[in-house]
Amino acid sequence: MLQQDSNDDTEDVSLFDAEEETTNRPRKAKIRHPVVSFFHLFCRVSAIIVYLLCELLSSSFITCMVTIILLLSCDFWAVKNVTGRLMVGLRWWNHIDEDGKSHWVFESRKESSQENKTVSEAESRIFWLGLIACPVLWVIFAFSALFSFRVKWLAVVIVGVVLQGANLYGYIRCKVGSRKNLTSMATSYFGKQFLRQNTGVDQTS
Amino acid sequence: MAEAEESPGDPGTASPRPLMRDLKAVGKKFMHVLYPRKSNTLLRDWDLWGPLILCVTLALMLQRDSADSEKDGGPQFAEVFVIVWFGAVTITLNSKLLGGNISFFQSLCVLGYCILPLTVAMLICRLVLLADPGPVNFMVRLFVVIVMFAWSIVASTAFLADSQPPNRRALAVYPVFLFYFVISWMILTFTPQ
């Protein structure tokens, strides 16, 4: 059952650690939704490829721009509504209540006891890799467009940064949970790393 | 885009939101713009797909057929995009600073969807421009653009005016008027070559 993420430091899948020694649940390594995983990466990567190869593919700026915007929109919709839910069990949306106030809701699926509902590690890796790498690339493109004065491409690149950044932000909020915030999570992560290094050094000496 | 929703897909299973439902929601909002009446649909279930489609369509139609492939309409496309989105964001900020109780994305949604009459006007103008140029041609286009401009204003104020305190309404509506005026001007002064 989907619930708001509570303060569960021990049972959450860590965002950064690939191997988690505290886990006691076997994580499947195989990919359960190959089509979904493919599409998660396909739209993002093809938008980037079209942007980089636009001069070679077509002499028309308009075609490239419209293609990139279409790909980015499809990618946004797919990642927000489909791949996040299926691959890592997270979702986020906006809800406007009776008073007209808007709430942003971030949810993560609680791990159930059934075997087939655990998050597969390979899928999780693919998901987060795709989610993080692409907005970073678009930000790099933004700076390069700005500094090389190719300003007409700046509109497209900003659309890319906004759409993919929004998904990234939404899913990180889902991951971190509603009560923790990013600074406390980063502090606890670095604290754990620091402790682990220190105790590791003590054991080997 | 993020949508307001009462039930974002079935929470118990992993089934995704159906695409058809989103498409129907967008179509319903288009209908609400064409026949504006007091309803909360545009505000409660906001989404930005409609404005994106309209903006891209409008920008595509506002292209000049240029013989020189270097300037192949690129700057004008980006220009329309920037004017529409930057204008909508500015109006939203303005209405929020005036004390309106509408959220950022709701306002963007309403302003974007109310470009629909002007997009229709652009379509009609392009068709009319296929005929012989002349004063009659211009008068027809002027009439169409004025009617659609008025329609956009009426539709957007029907949704936006309620969110402002009464003594600030004119201040909030004036930028909307300017925004649609600029777009109407671009449509009216468009010539294909």
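Residues numbered from 1 in each chain as written. Chains lettered and ligands numbered in written order. Predicted model: local features only at pLDDT ≥ 70, side-chain atom pairs only at ≥ 80, totals over all residues. Heavy atoms only, no water.

### Regarding the overall build of chain A
In terms of regular secondary structure, chain A is built from six helices and three strands. Taken from the N to the C terminus, the helices and strands of chain A come in the order β-α-α-α-β-β-α-α-α. For chain A, buried positions account for 42% of its 205 residues. If you take every contact in chain A between residues at least 6 apart in sequence, the share linking residues at least 24 apart comes to 74%. With the model as given, the accessible surface of chain A reaches about 11300 Å², and the carbon-plus-sulfur share is 66%. (Helix = DSSP H or I, 4+ residues; strand = E, 2+ residues; numbered from the N terminus. Buried < 20%, exposed > 50% of the residue type's maximum accessible area, 1.4 Å probe, protein only. Contact = heavy atoms within 4.5 Å. Areas by Shrake-Rupley, 256 points an atom, 1.4 Å probe, with all protein chains shown as cover.)

### Brief notes about the packing of helix 6 (residues 116-128) of chain B against helix 7 (residues 135-160) of chain B
Helix-helix packing is described using two parameters, namely the angle between the two axes and the distance between the axes. Residue and element names in this part refer to chain B. In contact at an axis separation of 8 Å, helix 6 and helix 7 are set at 170° when each is read in the N-to-C sense. The orientation of helix 6 relative to helix 7 falls into the category roughly antiparallel. Residues Pro117, Leu118, Val120, Ala121, Ile124, Cys125 and Val128 of helix 6 touch helix 7, and the partners they reach there are Asn137, Val140, Arg141, Val144, Val145, Met148, Phe149, Trp151 and Ser152. A per-class count over the contact of helix 6 with helix 7 returns 13 nonpolar, two polar and one charged. (Axes fitted to C-alpha atoms, helices over the stretch in contact; angles between N-to-C directions. Parallel < 35°, antiparallel > 145°, perpendicular 65-115°, else oblique. Nonpolar A, V, L, I, M, F, W, Y, C, P; charged D, E, K, R; others polar.)

### Things to note about the UniProt feature "transmembrane region" (unreviewed entry) in chain A
Residues and elements named next belong to chain A. Cross-referencing UniProt, the feature "transmembrane region" (unreviewed entry) maps to residues 35-53, 59-79, 126-147 and 153-172 in the present numbering. The span residues 126-147 is 100% helix and 0% strand, and its two end C-alpha atoms sit 32 Å from each other. Secondary structure across residues 153-172 divides into 95% helix and 0% strand, with the first and last C-alpha atoms of the span separated by 28 Å. (UniProt positions renumbered as here; feature names shortened; annotations may be inferred.)

### Thoughts on the packing of helix 1 (residues 34-52) of chain A against helix 3 (residues 61-88) of chain A
Residue and element names in this part refer to chain A. For the pair helix 1 and helix 3, the least separation of the axes is 9 Å and the interaxial angle reads 155°. As far as their axial angle goes, helix 3 and helix 1 are roughly antiparallel. Judged by the sense of rotation from one axis to the other, the crossing of helix 1 with helix 3 is left-handed. Only Cys64, Ile68, Leu71, Leu72, Cys74, Asp75, Val79, Thr83, Leu86 and Met87 of helix 3 make contact with helix 1, whose side of the interface consists of Val36, Ser37, His40, Cys43, Arg44, Ser46, Ala47, Val50 and Tyr51. Grouping the constituent residues of the contact of helix 1 with helix 3 by class yields 13 nonpolar, four polar and two charged. (Left-handed = near helix turned anticlockwise from the far one by under 90°.)

### Description of helix 3 (residues 49-61) of chain B
Residue and element names in this part refer to chain B. In this model helix 3 runs 18 Å from its N-terminal to its C-terminal C-alpha over 13 residues, within 8% of the 18 Å that 1.5 Å per residue would give. Summarising burial for helix 3: 10 of the 13 residues are buried, a large majority. Buried within helix 3 we find Trp49, Gly50, Pro51, Leu52, Leu54, Cys55, Val56, Leu58, Ala59 and Met61. (Expected span 1.5 Å × (residues − 1).)

### Details of unusual backbone geometry
Residue and element names in this part refer to chain A. The phi dihedral of Phe149 falls on the positive side, at around 60°, and the residue is not glycine. Residue placement: Phe149 occurs in the loop between helix 4 (121-147) and helix 5 (154-176). You can call Phe149 exposed: its relative accessible area is 70%.

### Notes on the nonpolar core
Within soluble globular proteins, side chains that are nonpolar tend to cluster in buried spots. With 95 residues, the main nonpolar core has A:Trp138 and B:Tyr180 as its most contacted residues. Looking at which element gives the most residues to this core, the answer is helix 3 of chain A, with 16 residues. With residues near it in sequence (within four places) discarded, A:Trp138 still touches A:Ala47, A:Ile48, A:Tyr51, A:Ile68, A:Leu72, A:Val157, A:Gly160, A:Val161 and A:Gln164. (Core = buried A, V, L, I, M, F, W, Y, C linked by side-chain atoms within 4.5 Å.)

### Notes on the pairing of strand 2 (residues 90-96) of chain A
Residues and elements named next belong to chain A. The buried fraction of strand 2 is high, at six of seven residues. Summarising the sheet, strand 2 and strand 3 (residues 102-109) pair through seven bridges and their orientation is antiparallel. Opposite Asn94, over in strand 3, you have Trp104 as the bridge partner. (Pairing = 2+ DSSP bridges.)

### What about the UniProt feature "transmembrane region" (unreviewed entry) in chain B?
Residues and elements named next belong to chain B. Look at the UniProt record and you will see "transmembrane region" (unreviewed entry) annotated at residues 46-62, 74-93, 105-131, 138-160 and 172-191. In this annotation, residues 105-131 is assigned 81% helix and 0% strand; the end-to-end C-alpha distance for the span is 41 Å. Secondary structure content for residues 138-160 is 100% helix and 0% strand, and the end C-alpha separation is 32 Å.

### Remarks on the confidence of the model for chain A
All names here are of chain A. Residues of chain A with pLDDT of at least 70 account for 75%, and the chain-wide mean is 77. At the low end of the mean pLDDT range in chain A sits strand 1 (residues 2-3), at 46; at the high end sits helix 4, at 89. Counted against residues more than four places away or in other chains, residues 1-11, with its pLDDT under 50, gives 25 contacts. Considering only residues more than four positions removed or in separate chains, one finds that residues 17-25, a stretch of pLDDT under 50, has eight contacts. (pLDDT = per-residue confidence, 0-100.)

### Digging into the pattern of salt bridges
All names here are of chain A. This structure, assessed with the given rule, holds four salt bridges over all chains. Across the pair Arg44 and Asp75 runs a salt bridge, and its minimum N-O distance is 2.8 Å. Here Asp75 lies in helix 3 and Arg44 lies in helix 1, a separation of 31 residues in the sequence. Judged on exposure class, the residue Arg44 and its partner Asp75 are both buried. (Salt bridge = Lys/Arg side-chain N within 4 Å of Asp/Glu carboxyl O.)

### Considering a nonpolar patch on the surface
Residue and element names in this part refer to chain A. Nonpolar side chains collect at one region of the surface, where Leu41, Val45, Ile49, Leu52, Leu53, Leu56 and Leu57 lie side by side and expose about 640 Å² of accessible area between them. Mapped by element, the contributors of at least two residues to the nonpolar patch are helix 1 and helix 2 (54-57). Ranked by residue count, the leading element in the nonpolar patch is helix 1, at four residues. With respect to the element layout, Val45 can be found in helix 1. Look at Val45 and you get partly exposed, because its relative accessible area is 38%. (Patch = residues over 30% accessible without salt bridge, like charges linked within 9 Å, V, L, I, M, F, W, Y side chains within 5 Å.)

### Regarding the packing of aromatic side chains
Within the structure shown, the criterion is met by 23 aromatic pairs over all chains. An angle of 75° between the planes, with centres 5.9 Å apart, marks the rings of A:Trp104 and B:Phe105 as edge-to-face. Taken together, the residues A:Trp104 in strand 3 and B:Phe105 in helix 5 (residues 104-113) connect one chain to another. Relative accessible area serves as the criterion here: at 35%, A:Trp104 is assigned to the partly exposed category. Taking 4.9 Å as the distance between ring centres and 10° as the angle between the ring planes, the aromatic pair formed by B:Trp46 and B:Phe105 counts as stacked. On the criterion of sequence distance, the pair formed by B:Trp46 in the loop between helix 2 (41-44) and helix 3 and B:Phe105 in helix 5 is long-range, its members being 59 residues apart. The class for B:Trp46 is buried, based on a relative accessible area of 1%. (Phe/Tyr/Trp six-rings, centres within 6.5 Å; stacked < 30°, edge-to-face > 60°.)

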